[in-house]
Structure formats: structure tokens, C-alpha cells
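Observations on the three-dimensional arrangement
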Amino acid sequence: MSRMFRFSPALLLALLAGTIAGCSTTKPNVYQGEEFSDTSTFSHDFATSSPATCEAARRTLLSQGYIIKQAKAALVDGHKHFQPDPDTHVEIEFHVVCAPNGKDDKSSTLFVSATQDRYALKKTNNSASVGLSVLGSVSLPIGSTSDSLVKVASETIPAGLFYDRFFGLIEHYLGLDSGLPVADFDDKPALPTKPAAKTEE
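Report on the accompanying structure.

Next up on the list: the overall build of the protein. The number of helices and strands found in the protein is 3 helices and 6 strands. Walking the protein from its N terminus toward its C terminus, one meets helices and strands in the order α-β-α-β-β-β-β-β-α. Each of the 201 residues in the protein was classed as buried or not, and the buried ones make up 21%. Excluding contacts between residues fewer than 6 apart, the proportion of contacts in the protein whose partners are at least 24 apart in sequence is 55%. For the protein, the exposed surface amounts to about 15,100 Å²; the carbon and sulfur share of it is 58%.

Here it is in C-alpha cells:
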């Protein structure tokens, strides 16, 4: 004996609305997480001129094995390669900007952001053909595989201890961490001088 089930129009509308709502649910956009808060640690103030601050940032990156791509009085770019495992390659790139605070440029603000690009080793199949003149136009396919690095992820390293260590080492090169006088990186190194010739008595 079979039974017939009847749905009311109101119940059908409720089920349809729930289905549409479930299908239209999307994840929030990434930019909605950008608060533009003044508590961000992507910047740090230093009691030195902007050229001296950027020079200290350049020395900081050099001391950690970073390759400097560009270095100016108010701008430093550098990158470093890592290989955490045989099939993964990581590159960290720094972008530093130094801005003076005031016309006298006795203090400056350093802005920094570092991006991390991750590459994975991917195998690609390559095919080629060899023509044999003896057999006419017959060609024999030859297959081969090659490995190549493909970028699989890229992100800006979030604010935190990573940048705090960076700022701390800059303070070390500026002499601000131990009460030492601030290093004057604006001075050019003196040229080597030849020893004075000895005179015979």
C-alpha cells in the first residue's frame, strides 16, 4: 500500500530559498581583512637620518646572506633563496623604504614588507620525433621528462617577530642597542694613502 506525500507551497518555498542561499554562499574577500591600523609593525621609527637608516638596513640584509638588488638613499631591495627540501624552493624578497620625519631629517621611519614565494618541482613530458629517410616519411616518437620549478604560492609575510628581529639588527648597526654613538654611514670611506718615502740621513 503506497502513501502519497504532499508538500505545502510554503514548505516548497522554504526549501527552495535554503537551496539558493547555500549555493550563493561565498568566502569573504581578502581585502576585507585589511584594517589599515596604526598598530601595524611593518614600520619602525629610528633616531637617525633616512640615508643612515637605509644603509643600516642594507648592511642588515647583507649580514644575513641576502643579495641586494637595489640600494639607494631611501630604498633597499634584497632577496634570498632557501631550499627546505629537495622538491621545494622558497625565495624571500625584502622591500625597504626610508622616509625622513621633518625637514631636518634627524629621525626617520622605515617601512618594510617581505614576500615569500614558494616553488615546487614539477615533471613535464617532452616529446620529439626523428625522421628516418630509409623508411620515407615515417617518424618515431621519442619521449623524455624534464624537471622545472613552478611557483605554487606567494604571500606577504605577516607582521610579527620576523620584522621585530629585522628592526633589532638595524638598531645594532646604528649603535642604538648598546648606548654606542650612532654610526655615521653618510661619510665616505677614506682613500688609502701611500706610506711616506723614507729619507736617508
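Here the narrative resumes.
Attention now goes to the pairing of strand S3 (residues 75-85). Relative to S3, strand S2 (residues 67-72) is paired through 5 bridges, and the arrangement is antiparallel. The residue of S3 that forms the bridge with Ile67 is His79. Linkage of S2 to S3, two consecutive antiparallel strands, is achieved through a turn of 2 residues. Pairing between S3 and strand S4 (residues 88-100): 9 bridges, direction antiparallel. Within S4, the residue paired with His79 across the bridge is Glu93. Remark: 2 residues form the turn of the hairpin made by S3 and S4, two consecutive strands paired antiparallel.

With respect to the element layout, Asp117 can be found in strand S5 (residues 108-131). We classify Asp117 as buried; its relative accessible area is 10%. At a separation of 2.5 Å, a polar atom in the side chain of Asp117 contacts the side chain of Ser154. Dropping the residues within four chain positions of it, Asp117 is found in contact with His89, Val90, Glu91, Lys151, Ala153 and Ser154.

Quick look at unusual backbone geometry now. In this structure, Asp105 is a non-glycine residue whose phi angle is positive, near 55°. Here Asp105 is to be found in the loop between S4 and S5.

Its volume calculated, the largest pocket comes out at about 220 Å³. What lines the largest pocket is Thr60, Leu61, Gln64, Tyr66, Phe82, Phe94, Phe162, Arg165, Phe166 and Leu169. When residues of the lining of the largest pocket are traced back to their parent elements, those giving at least two are helix H2 (50-63) and helix H3 (161-174). Examining the composition of the lining of the largest pocket, we find that 4 residues originate from one element, H3, more than from any other. Residues that form the lining of the largest pocket fall into these classes: 7 nonpolar, 2 polar and 1 charged.

So, on to the nonpolar core. A general tendency of soluble globular proteins is for nonpolar side chains to be buried together. Phe94, Val96, Leu110, Val112, Phe166, Phe167 and Ile170 are the most contacted members of the largest nonpolar core, which totals 20 residues. Those elements that place two or more of their residues in this core are H2, S4, S5 and H3. Looking at this core, the element that brings in the most residues is H3, giving 5 residues. When sequence neighbours within four positions are dropped, the list of residues in contact with Ile170 reads Phe46, Ala56, Ala57, Thr60 and Leu110.

Turning to the state of the cysteines, a few remarks are in order. All chains considered together, the criterion is met by 1 disulfide. Put simply, Cys54 and Cys98 are joined by a disulfide, and their sulfur atoms are 2.2 Å apart. Since a negative S-S torsion denotes a left-handed disulfide, the Cys54-Cys98 link at about 105° is right-handed. In this pair, Cys54 is assigned in helix H2 and Cys98 in strand S4, connecting sequence segments 44 residues apart. For Cys98, a relative accessible area of 4% gives the class buried.

Turning our attention to the packing of aromatic side chains. Two aromatic rings, taken as a pair, are described by how far apart their centres are and by the angle between their planes. The full count for this structure, using the stated rule, is 6 aromatic pairs. Ring centres of Tyr66 and Phe94 lie 5.3 Å apart, and the angle between their planes is 90°; this geometry places the pair in the edge-to-face category. Remark: Phe94 occurs in strand S4 and Tyr66 occurs in the loop between H2 and S2; sequence separation between them is 28 residues. When its relative accessible area of 3% is taken as the criterion, Phe94 is described as buried.

About the thresholds
- The numbers attached to residues start from 1 for each chain and follow its sequence in the written order.
- Local features in this predicted model are restricted to residues whose pLDDT is 70 or higher, and side-chain atom pairs enter the listing and the counts only when it is 80 or higher, whereas totals over whole chains, interfaces and linings include all residues.
- Values reported for side chains reflect all heavy atoms of the structure, with hydrogen atoms and water molecules removed beforehand.
- Where helices and strands are cited, they refer to DSSP runs of H or I of at least four residues and of E of at least two residues respectively, numbered from the N terminus.
- We call a residue buried when its accessible area falls under 20% of the maximum for its residue type, exposed when it is over 50%, and partly exposed in between, using a 1.4 Å probe and counting protein chains only.
- Note on contacts: a residue pair is in contact if any heavy atoms of the two residues lie within 4.5 Å.
- Here the open area of atoms and residues is found with the Shrake-Rupley method and a 1.4 Å probe, where only the protein chains shown may cover a residue.
- By this definition, two strands are paired if DSSP reports at least two bridges between them.
- Throughout this description, a polar contact denotes any pair of N or O atoms lying within 3.5 Å of each other; where both atoms belong to protein, one of them has to be capable of donating a hydrogen while the other can accept it, and for residues adjacent in sequence the pair is counted only when both atoms sit in side chains.
- Here a cavity is any set of points on a 1 Å grid over the protein atoms alone where a 1.4 Å probe fits but cannot get out, and a pocket is any open set with protein on both sides within 12 Å along at least 5 of 7 lines; a residue lines the site when it has an atom within 4 Å of a point.
- Grid points are joined across faces, edges and corners, and a volume is the space filled by probe spheres set on the points.
- Each residue gets one label: Ala, Val, Leu, Ile, Met, Phe, Trp, Tyr, Cys and Pro are nonpolar, Asp, Glu, Lys and Arg are charged, and the others, such as Gly, are polar.
- Buried residues of nine kinds, namely Ala, Val, Leu, Ile, Met, Phe, Trp, Tyr and Cys, make up a nonpolar core once their side-chain atoms join them within 4.5 Å.
- Count a disulfide wherever a pair of cysteine sulfur atoms falls within 2.5 Å.
- To pair, rings of Phe, Tyr and Trp, with the six-membered ring standing in for Trp, must have centres within 6.5 Å; the planes then decide the type, stacked if under 30 degrees apart, edge-to-face if over 60, and tilted in the middle.

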